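Spelled out, the chains give:
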Amino acid sequence: MAAATLNFHDTWRPKANPWVIAITVTLATFMEALDTSIVNVAMPHISGTLSASVDEATWVLTSYLVANAVVLPISGWIANRIGRKRFYMSCVFCFTIASLLCGLAPTLPMLVLFRVIQGAAGGGLQPSEQAILADTFPPEKRSMAFAVYGMAVVLAPALGPTVGGWIVDNASWRWLFFLNIPVGILSLVLTQRLVEDPPYLAQIRKKKEGVDYWGLGLLVVFIGALQMMLDKGQEDDWFSSNFIVTAVILAAISFAIFLWRELHVDHPIIDLRLFKRRNVAMTQLVMFMVGASLYSTTVLIPQYLQEVMGYSARQAGMAISTGGLVLMVLFPIAGALAPKFDPRKLVAVGFIITTYGLLRMTNINQQINFGLAVSWRAVIAIGLPFLFIPINTLCYAGIPQEKNNEVSGLTSLSRNLGGSVGISFVTTLLSRFSQRHQAMLIRHTVEGNGPFERMRAGMASMWTRNGWHGPDSTLHAGAQIYGMIQSQARTLAYVDVIWILVALTGCLIPLPFLMKRPAKRTSALELVH
């Protein structure tokens, strides 16, 4: 009886050193995570080179994210059927070839097509690495392994704009894609030599299970429509756009039918019954919020520095990337501490630190210096390792080994969707709050308002001293005041949005304690004795 309760780690070990395997699979994951943000700063260059508008060039970003999101939840299902190592290497190979084709693309439609292939291939990398690490390391050693993985998926998107800006300034935007080729080749060679599938995956492949084509199609439609809505919503003014309304209806209908289908089919694409397990459901929610807070602050800080403070793209990117140095130091520390503490308490600490970091940002104003902007991201970054590592540990607690691939795909999808929702949420609120504050401030710029008239008269006299006379000086003074109103309204909107994020993350602090603490694992030696 004791032998039957053994974890498969007690009877199987990979032939290669687990840490070499961890570094090997992290190579391609870092490459893929970097590509989610490295192209952002190159949009004007791409549109100019390929004779397209900036709006048209944004499809280079959107197409990648949509294809990536579609593959994430089904990556575990595919890996179970063709073998995880084979699936992982296929993803690396396709990602590398697509990167080459993106760099050579002669037109925008061709570039978008190759980005779709690149995004689809990249969608299988992160969940595959998570599952490989979960199987390569026994539960008591997973924390440090997930620290290495966390450094890749959290650090790479933060470094993307800075690395991309440097490449675009010093070479062609095409090198943003060519950069992936040597990394992809190295990853393929190392993966072939070092990575292997555990025995239980071979047993899964032997099972003759049907393919739920309807479920697969419905999932593709739902994720694609949802991602398109999130990416284009604010740009197209949400429900005033027929495109967005169509995407919402399509997503809602396909999701409802998908849920019904997956709960009634024998071999579903996604086993929704996993969500009956408290830890699976709760960790997906928490990872969704981690993605939202991570990506929204990655957008908020550089956007404020550029549009209000007048920083260059490179300076704004540096303010974000500096937080990456904090992550490089803290991820290994958090990985070493995680096995010694209740992971639920670590998640709560992570949310406390994130909430405090956001609270510090509520003092945002137009007199801030670069050092303060750097500290904003650095403090928020302190909390991320204490969120990311224990969440990845908790989500596998009590999960049957054959479900590791599926849980990995769901966790990656939750984080990425959280990022998309977070970015759409903050950009929409910024636009709405800016309009509201601007309308409020403009009400005070009317004839008969003493402070306004004195300010306008003082500015008009300055323009008169500079050579402008009569109505022209008053007109320039009015335009100058309007510019100040726009800038002040935008700043007030940022303050409002940050306070909302503070409230949201603050409410999440007690959430981890709704999860079950993972039971201490009994080793094979203890079972024998």
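Before reading on, note that the structure itself is shown above.
Residues numbered from 1 in each chain as written. Predicted model: local features only at pLDDT ≥ 70, side-chain atom pairs only at ≥ 80, totals over all residues. Heavy atoms only, no water.

Visitor: Help me get a handle on the packing of helix 6 (residues 84–104) against helix 11 (residues 180–194), residues and values and all.
Guide: For the pair helix 6 and helix 11, the least separation of the axes is 9 Å and the interaxial angle reads 160°. Classified by the angle their axes make, helix 6 and helix 11 are roughly antiparallel. As helix 6 packs across helix 11, the resulting crossing turns out to be left-handed. The residues of helix 11 that touch helix 6, namely those facing Lys85, Tyr88, Met89, Val92, Phe93, Phe95, Thr96, Ser99 and Leu100, are Asn180, Ile181, Gly184, Ser187, Leu188, Thr191 and Gln192. Partitioning the contact of helix 6 with helix 11 into residue classes produces eight nonpolar, seven polar and one charged. (Axes fitted to C-alpha atoms, helices over the stretch in contact; angles between N-to-C directions. Helix = DSSP H or I, 4+ residues; strand = E, 2+ residues; numbered from the N terminus. Parallel < 35°, antiparallel > 145°, perpendicular 65-115°, else oblique. Left-handed = near helix turned anticlockwise from the far one by under 90°. Contact = heavy atoms within 4.5 Å. Nonpolar A, V, L, I, M, F, W, Y, C, P; charged D, E, K, R; others polar.)

Visitor: Help me get a handle on a nonpolar patch on the surface, residues and values and all.
Guide: A contiguous nonpolar patch, built from Leu325, Met328, Val329, Ile333, Leu337 and Phe341 and spanning about 540 Å² of accessible area, is present on the exposed surface. Relative to the helices and strands, Leu337 resides in helix 16 (residues 313–337). (Patch = residues over 30% accessible without salt bridge, like charges linked within 9 Å, V, L, I, M, F, W, Y side chains within 5 Å. Areas by Shrake-Rupley, 256 points an atom, 1.4 Å probe, with all protein chains shown as cover. Salt bridge = Lys/Arg side-chain N within 4 Å of Asp/Glu carboxyl O.)

Visitor: Give a description of the packing of helix 1 (residues 18–35) against helix 11 that names residues and reports values.
Guide: Two elements in contact, helix 1 and helix 11, have axes whose closest approach is 9 Å; the angle formed by their N-to-C orientations is 150°. Comparing their axes, helix 11 and helix 1 come out roughly antiparallel. Helix 1 and helix 11 meet at a crossing whose hand is left-handed. Where helix 1 abuts helix 11, its residues Val20, Ile21, Thr24, Leu27, Ala28, Met31 and Asp35 lie against Asn180, Val183, Gly184, Leu186, Ser187, Leu190, Thr191 and Leu194. Of the residues belonging to the contact of helix 1 with helix 11, the class tally is nine nonpolar, five polar and one charged.

Visitor: Would you mind going over the state of the cysteines in detail, with residue names and values included?
Guide: The tally for this structure, following the rule as stated, stands at zero disulfides. In this structure Cys94 is not part of a disulfide, and its nearest cysteine sulfur, from Cys91, lies 7.0 Å away. (Disulfide = S-S within 2.5 Å.)

Visitor: So what's going on with the environment of Thr49? Residues and values would help.
Guide: Tracing the backbone through its elements, the reader meets Thr49 in helix 2 (residues 43–49). Separated by 124 residues in sequence, Thr49 and Trp173 have C-alpha atoms that sit 9.3 Å apart. Ignoring anything within four residues of it in the chain, the contact list for Thr49 reads Trp173 and Arg174.

Visitor: Help me get a handle on helix 8 (residues 125–136), residues and values and all.
Guide: Its twelve residues give helix 8 an end-to-end C-alpha distance of 16 Å, which sits within 8% of 16 Å, the value for a rise of 1.5 Å per residue. Burial analysis of helix 8 places twelve of its twelve residues in the buried class, which makes it a mostly covered element. Looking at helix 8, one finds that the buried residues are Leu125, Gln126, Pro127, Ser128, Glu129, Gln130, Ala131, Ile132, Leu133, Ala134, Asp135 and Thr136. (Expected span 1.5 Å × (residues − 1). Buried < 20%, exposed > 50% of the residue type's maximum accessible area, 1.4 Å probe, protein only.)

Visitor: Can you break down the pattern of salt bridges residue by residue, with the values?
Guide: All chains considered together, the criterion is met by three salt bridges. Here Asp135 and Arg84 are joined by a salt bridge, their closest N and O atoms 2.8 Å apart. With Asp135 in helix 8 and Arg84 in helix 6, the pair connects residues that are 51 residues apart, well separated along the chain. Grouping residues by exposure puts Asp135 and Arg84 together as buried. Across the pair Arg436 and Asp496 runs a salt bridge, and its minimum N-O distance is 3.3 Å. Placement of Arg436 in helix 19 (residues 404–442) and of Asp496 in helix 21 (residues 471–507) is noted, with a sequence separation of 60 residues between them. On the accessibility criterion, Arg436 (49% relative accessible area) is partly exposed.

Visitor: Explain the nonpolar core to me, using residue names and the numbers behind them.
Guide: Membership of the largest hydrophobic core comes to 61 residues, with the highest contact counts inside it found for Leu133, Val154, Val286 and Val290. Among all residues touching Leu133, those that are not within four sequence positions of it are Ala22, Val25, Ala145, Phe146 and Tyr149. Leu305, Ala373, Val426 and Leu430 belong to the second-largest nonpolar core, a separate cluster that totals 28 residues. (Core = buried A, V, L, I, M, F, W, Y, C linked by side-chain atoms within 4.5 Å.)

Visitor: If you had to explain the environment of Ile82 to someone new, which residues and values would you point to?
Guide: Structurally, Ile82 can be placed in helix 5 (residues 75–82). Taking relative accessible area as the criterion, Ile82 reaches 32% and is therefore assigned partly exposed. In this structure the C-alpha to C-alpha distance between Ile82 and Ala202, which are 120 residues apart in sequence, comes to 9.4 Å.

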